[in-house]
Amino acid sequence: AEDQAIILENPVMGNQTCMDCPSPHPRWASLSFGIVLCNDCCGIHRSMGTHISFCRSIDMDAWTPEQLQIMKVGGNAKCTQFFQHHGLLLPTQQQHDEEEDEASTAAAAASSSSLEQLYASPVAQLYKQVLQARAQGTKEPTELPPLVEKRKVIISTQGFGSSPSPSPS
């Protein structure tokens, strides 16, 4: 837990507040994005599924050296910068730009549907791959690999005790 706590102490990383809302002293991390989160926003990330955002407690969970490396090369500031460079705004930035309201709460700033759209976006998926490359010291990708089209699987029930399918007329 000491190594994990160091991640919060580096002001350059932007980890003094939650990535998705203005809550101070975040105690959770999304290892997928190398960011820190408050308890409420972590709950939203967990509801997205681990294929989008894999979360761990900074205080209660043990982390692997690889997970610590992700956090060391990541940080809220780097993730925000990457998203902004690619034209994405976090919900807190959108709300602040539109309303100029300093009294926004975590619930108002971070709606789960807008956050899921953000973190499941192609830009966010590219950032996860860039972060992995930085952590492993390999070449950073500049674009996502092309999507593989999902094919429909037709299951025949014939031979399982059912009648043969009627032939089209």
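Residues numbered from 1 in each chain as written. Predicted model: local features only at pLDDT ≥ 70, side-chain atom pairs only at ≥ 80, totals over all residues. Heavy atoms only, no water.

**Observations regarding the overall build of the chain**
- Along its length, the chain carries 8 helices and 3 strands.
- In sequence order, the secondary structure elements of the chain are arranged as α-β-β-α-β-α-α-α-α-α-α.
- Within the chain, the fraction of its 169 residues that count as buried is 40%.
- Look at the contacts in the chain between residues 6 or more apart in sequence, and 58% of them connect residues 24 or more apart.
- Split by element, the accessible area of the chain, about 10500 Å² in all, is 54% carbon and sulfur. (Helix = DSSP H or I, 4+ residues; strand = E, 2+ residues; numbered from the N terminus. Buried < 20%, exposed > 50% of the residue type's maximum accessible area, 1.4 Å probe, protein only. Contact = heavy atoms within 4.5 Å. Areas by Shrake-Rupley, 256 points an atom, 1.4 Å probe, with all protein chains shown as cover.)

**Focus on the nonpolar core**
- Residues Leu37, Phe83 and Tyr119 are the most contacted members of the largest nonpolar core, which totals 31 residues.
- Secondary-structure elements contributing two or more residues to this core are strand S2 (35–37), helix H2 (39–48), helix H3 (65–73), helix H4 (76–85), helix H7 (112–119) and helix H8 (122–136).
- Among the elements that line this core, the one with the most residues is H8, at 7 residues.
- Those residues in contact with Phe83, other than ones at most four positions away along the chain, are Phe33, Leu88, Leu90, Leu118, Tyr119, Val123, Ala124 and Tyr127. (Core = buried A, V, L, I, M, F, W, Y, C linked by side-chain atoms within 4.5 Å.)

**Structural notes on the confidence of the model for the chain**
- Residues of the chain with pLDDT of at least 70 account for 67%, and the chain-wide mean is 80.
- Across residues 94–110, confidence stays below pLDDT 50; counting only partners more than four residues off in sequence or on other chains, it has 22 contacts. (pLDDT = per-residue confidence, 0-100.)

**Examining the packing of aromatic side chains**
- In the structure shown here, the tally under the stated rule is 4 aromatic pairs.
- With a centroid separation of 4.9 Å and an interplanar angle of 50°, the aromatic rings of Phe82 and Tyr127 are classed as tilted. Here Phe82 is found in helix H4, whereas its partner Tyr127 is found in helix H8, with 45 residues between them in sequence. By the burial criterion, Phe82 is buried, and Tyr127 matches it.
- Members of the aromatic cluster, each reached through a chain of ring pairs, are Phe33, Phe82, Phe83, Tyr119 and Tyr127. (Phe/Tyr/Trp six-rings, centres within 6.5 Å; stacked < 30°, edge-to-face > 60°.)

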